[in-house]
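Descriptive analysis of the structure
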2 protein chains.
Amino acid sequence: MPQNSASQEISLSLIKTACSNCNLRELCLPFGLSLEELERLDDLISTRRRIKRGDHLYRAGEAFDSIYAIRSGFFKTDVLLEDGRDQVTGFQMAGELLGLDGICTEAHTCNAIALEDSEICSIPFSRLEGLSREIHNLQHHFHKVMSREIVRDHGVMMLLGTMRAEERLAAFLLNLSQRFTARGFSHAEFYLRMTREEIGSYLGLKLETVSRAFSRFQEEGYIAVQQKHIRILDVNGLKALMTHRT
Amino acid sequence: MPQNSASQEISLSLIKTACSNCNLRELCLPFGLSLEELERLDDLISTRRRIKRGDHLYRAGEAFDSIYAIRSGFFKTDVLLEDGRDQVTGFQMAGELLGLDGICTEAHTCNAIALEDSEICSIPFSRLEGLSREIHNLQHHFHKVMSREIVRDHGVMMLLGTMRAEERLAAFLLNLSQRFTARGFSHAEFYLRMTREEIGSYLGLKLETVSRAFSRFQEEGYIAVQQKHIRILDVNGLKALMTHRT
DNA sequence: AATCACGGTTGACTTGGATCAAGCTAACGC
DNA sequence: GCGTTAGCTTGATCCAAGTCAACCGTGATT
């Protein structure tokens, strides 16, 4: 982003965080709110925080009191077992919410780690509950977001439970592509923010298997890969991989 | 259940469904409500419906307008792919809620099927939203329930992504045992309501693998199995299976 | 009592992905 | 410019779980 970064830094920390002038508003929590409602939501989202690549936004076990909206950047969430095994449970990008897992026990149940320098908006949860008691639209949309998370997880369960390695990776790439598109980026060309190992953990595969599948997709002409740079050359090829049982 | 079943039948259909005199109330949606609040919830849960073993409570694609609390019985939910593959996404028992997946698209995204004759309470969702705008405790508990569902799904993702067959089955049995205990049943002895194939689908395994794992657990003295009847003989043995990487 | 059907068990064999190991690439610090 | 390191690729081998197939047990039907 070649911009006047010095003055940018200053203005960012001075400008009051505001959903009402955020370009992600229609992807994020404020979806469907009126202008007047938006302003009331602004009052509650007072802090925007920078998270450096590699840093934790929160850790499993920490007390929960806020959920977080990603303003910019890219995160992963993972859960750890005592014996050291861990599972990446999701990758989150701008406009998506983090921390919903913490509501049920009042403590976070997973780790959220920035995969690139990111910015997040903190949303104090009890105040969100308060406001959503007053703003019907906000309440309903929040419920939709939680429900969407449940449905998304069912999709991952399907993927882990019934798909073979290449199907999983194809599904993963198509999902990323679709989410980048929704944010106005190219559907066909993007940089992966995560390592092969993190992809593998998410998809229930070893990093070598992920790497081999990338190579095979390239041989077949479905994609062009160079390290983290991906170009999708044949969306239908990838889709076909997923649907017809080999 | 050796009771006066004829009069029982009659009284059941006559008695107005009421959370306030339901013995599951502390496991279910009304958790933590005052008496006065309970009565307001009663007003909204007007219908109790019987679902016969094998019947659908709802199907993927159907319009969503209510969530359901299980009064008695046992359900599974599953999602189907076009090519015929399906994945069981959960097994639900008394006091648990069904249908939360439907909120985000206003259509159900999975099938809910009774695994034994069951009874459910319908909760019209827009009325629930209305009431939870008025009753703080209800709102908060509902959010907790949704969040718990997300956390549960993360657990399943961990299971599918990182565990081997016997670990998965051990985790499954311990989870069932714990949920039966919470409902006042024996933690050590229960009947499975689902087939080996359904267990396998849930755990991402084939039915033969499930069957072999049961046999091995029996050989090792962890459990006694006879068809669907399970007795857990060594909880710690099962727990140990899960924690230390073989 | 005989038949049927469904679900479960067990065995023999196959295979997809894991594991182990070596080498490559790109980015970074000095 | 050169070494170091983290991440990626590729090959060889192995093994857990899948597949295929036969058979068994239980309960329902006649």
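Treat the numbers as computed from the prediction; the structure is a model and nothing was measured.

1. Focus: the interface of chain A and chain B
- Listed as interface residues are 48 residues of chain A and, on the opposing side, 48 residues of chain B.
- A buried area of about 4500 Å², summed over both sides, lies between chain A and chain B, and 61% of it is on carbon and sulfur atoms.
- Of all residues in chain A, A:Arg85, A:Arg133 and A:Met157 bury the most surface against chain B, accounting for 17% of the area lost on that side.
- Summed over the shared surface of chain A and chain B, the number is four salt bridges.
- Remark: the boundary between chain A and chain B carries 31 residue pairs in polar contact (both at pLDDT 80 or more).
- With 20 residues, the top contributor of residues to the side of chain A that touches chain B is helix α4 (residues 136-162) of chain A.
- Looking at side-chain class alone, the side of chain A that touches chain B contains 19 nonpolar, 15 polar and 14 charged residues.

2. Quick look at the protein's contact with DNA strand D
- Around DNA strand D there are 18 residues in total, and A:Arg196, A:Ser211, A:Ser215, B:Ala165 and B:Thr209 lie nearest to it.
- Expressed as a percentage, the sugar and phosphate content of the atoms of DNA strand D within 4 Å of the protein is 67%.
- One of the side-chain N or O atoms of A:Arg212 is found 2.8 Å from a base nitrogen in DNA strand D.
- Contact distances for DNA strand D include 2.4 Å between a phosphate oxygen and a side-chain N or O atom of B:Thr209.
- Taken together, the elements giving at least two residues each to the surface near DNA strand D come down to α7 (207-219) of chain A together with α7 (207-219) of chain B.
- The biggest single contributor to the surface near DNA strand D is α7(A), with five residues.

3. Observations regarding unusual backbone geometry
- Here A:Glu106, not a glycine, exhibits a phi torsion of approximately 60°, which is positive.
- Secondary-structure assignment places A:Glu106 in the loop between β6 (97-98) and β7 (111-114).
- Residue class for A:Glu106 comes out partly exposed when judged on its relative accessible area of 41%.
- For B:Gln227, which is not a glycine, the phi torsion comes out positive at approximately 55°.
- Among the structural elements, B:Gln227 can be located in the loop between β10 (223-226) and β11 (229-232).

4. Observations concerning the sheet that holds β11(B)
All names here are of chain B.
- One open sheet holds the three strands; their spatial order is β9-β11-β10, and the pairing between them is antiparallel. Edge positions in the sheet fall to β9 (189-191) and β10, since each has one partner strand and no second. Each adjacent strand pair in this sheet contributes to an overall mean axis angle of 15°, direction not counted.
- Two strands pair when backbone bridges link them, and β9 and β11 are joined in this way by three bridges, in the antiparallel orientation.

5. Observations concerning the confidence of the model for chain A
- For chain A, the mean per-residue pLDDT works out to 91, and 92% of the residues sit at or above 70.
- Every residue in residues 1-14 of chain A is under pLDDT 50, and counting partners more than four places away or in other chains gives five contacts.

6. Points about the protein's contact with DNA strand C
- Around DNA strand C, the surrounding shell holds 18 residues, and the nearest of these are A:Ala165, A:Thr209, A:Arg212, B:Ser211 and B:Ser215.
- Expressed as a percentage, the sugar and phosphate content of the atoms of DNA strand C within 4 Å of the protein is 69%.
- Note that a phosphate oxygen of DNA strand C is positioned 3.3 Å from one of the backbone N or O atoms of A:Lys206.
- Between DNA strand C and B:Arg212, the relevant distance is 2.8 Å, taken from a base nitrogen to a side-chain nitrogen or oxygen of the residue.
- Secondary structure elements with two or more residues in the surface near DNA strand C: α7 of chain A together with α7 of chain B.

7. Section: the pairing of β7(A)
All names here are of chain A.
- Alternating positions in β7 separate into two faces, Asn 111 and Ile 113 on one and Ala 112 and Ala 114 on the other, with burial throughout.
- By the bridge criterion, two bridges tie strand β2 (residues 56-58) to β7 in an arrangement that is antiparallel. Residue pairing for β7: His 56 is matched across the bridge by Ile 113.
- Relative to β7, strand β4 (residues 74-80) is paired through four bridges, and the arrangement is antiparallel. From the neighbouring strand, Lys 76 faces β7, where its bridge partner is Ile 113.

8. Some words on the sheet that holds β6(A)
All names here are of chain A.
- Read from one edge to the other, the open sheet built from four strands follows the order β1-β8-β3-β6, with strand pairing classed as antiparallel. The open sheet has two edge strands, β1 (48-51) and β6, and neither has a second partner.
- Here four bridges tie β1 to strand β8 (residues 118-124), and the two strands are oriented antiparallel to one another. When the bridges of β8 are listed, Arg 49 appears paired with Ile 120.
- Set on the sheet, helix α3 (residues 125-134) makes contact with β3 (66-72) and β8; between it and β8 the angle comes to about 60°.

Criteria and cut-off values
Residues numbered from 1 in each chain as written. Chains lettered and ligands numbered in written order. Predicted model: local features only at pLDDT ≥ 70, side-chain atom pairs only at ≥ 80, totals over all residues. Heavy atoms only, no water. Contact = heavy atoms within 4.5 Å. Buried area = accessible area lost by both parts, 1.4 Å probe. Salt bridge = Lys/Arg side-chain N within 4 Å of Asp/Glu carboxyl O. Polar contact = N/O pair within 3.5 Å; in protein donor to acceptor, adjacent residues only side chain to side chain. Helix = DSSP H or I, 4+ residues; strand = E, 2+ residues; numbered from the N terminus. Nonpolar A, V, L, I, M, F, W, Y, C, P; charged D, E, K, R; others polar. Near = heavy atom within 4 Å. Buried < 20%, exposed > 50% of the residue type's maximum accessible area, 1.4 Å probe, protein only. Pairing = 2+ DSSP bridges. Axes fitted to C-alpha atoms, helices over the stretch in contact; angles between N-to-C directions. pLDDT = per-residue confidence, 0-100.

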